[in-house]
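A closer look at the structure
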Amino acid sequence: MRRGRGEAGSITGLLIGSVLLLAAFVGLAVDGTRLFIARRDLQALADSAALAGASSIDESRYRTSGGLEVVIDPAAARFAAAGVVSTSGWPPDGVGRVEVSARRVTVRLERPVHLTLLGLTGLGPQTIGATATADPVLDRKSTRLNSSHLVISYAVFCLKKK
């Protein structure tokens, strides 16, 4: 069987293209998993910080109201939330904000994630973010603050290029 002109080496180009496509999928799988895990860990950290902040109630107001008024102590809430974040191994290039009102603590965290395989293509670090809000809830049956009933609401997953 005789080959026509120009067909020699055509399989080489197809093989190289297939290998590059496979490498792109592997890079996407590895770095996608890395981003997903980092986002999950960041959300858990934001949840913990918000819960710690919402647990910092103004005890004097709580006691003087006979256990009927639950108000967050802003300074103690910020300190508690920052303490949770700082003891977690928070990266120096991460950004965090704690917003405190009388009845709510919101923690917003952002940090870059450096890509492994897709970083080789020139794609820089991707910034992920997480937000958690916690409110202290008063157990109306016993008129006591029940810290196990803190309510957490989640923010939508956000991923943006830095």
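As a reminder, the structure under discussion sits directly above these lines.
Residues numbered from 1 in each chain as written. Predicted model: local features only at pLDDT ≥ 70, side-chain atom pairs only at ≥ 80, totals over all residues. Heavy atoms only, no water.

**A look at the overall build of the chain**
Threshold: We count a stretch as a helix when DSSP gives it H or I for four or more residues in a row; a strand needs E for two or more, and each element gets its number in order from the N terminus. Residue contacts follow a heavy-atom distance rule, with two residues in contact if any of their heavy atoms lie within 4.5 Å.
Looking only at helices and strands, the chain features 3 helices and 7 strands. The secondary structure elements of the chain, listed N-terminal to C-terminal, are α-α-α-β-β-β-β-β-β-β. Look at the contacts in the chain between residues 6 or more apart in sequence, and 61% of them connect residues 24 or more apart.

**Structural notes on the pattern of salt bridges**
If charged atoms from side chains of opposite charge come close, those side chains can pair. Stated formally: For this document, the term salt bridge refers to a Lys or Arg side-chain nitrogen within 4 Å of an Asp or Glu carboxyl oxygen. Exposure is judged per residue with a 1.4 Å probe applied to protein chains only, and the accessible area is read against the type maximum: over 50% gives exposed, under 20% gives buried, and values in between give partly exposed.
Scanning the model with the defined rule gives 5 salt bridges in all. Between Arg40 and Asp41 there is a salt bridge, with the nearest N and O atoms lying 3.5 Å from each other. We classify Arg40 as partly exposed; its relative accessible area is 49%. On the basis of relative accessibility, which here comes to 44%, the residue Asp41 falls in the partly exposed class.

**Focus: the pairing of strand E3 (residues 126–135)**
Our working definition: For two strands to count as paired, DSSP must find a minimum of two bridges between them.
Counted residue by residue, E3 has 10 buried out of 10 residues, so it is predominantly covered. Of the two faces of E3, the one holding Gln126, Ile128, Ala130, Ala132 and Ala134 and the one holding Thr127, Gly129, Thr131, Thr133 and Asp135 are both buried throughout. Two elements, strand E2 (residues 105–113) and E3, share 9 bridges in a ladder whose sense is antiparallel. Each residue of the ladder has a partner; that of Glu110, found in E3, is Gly129.

So far we have only geometry, and geometry alone does not tell us how the molecule works.
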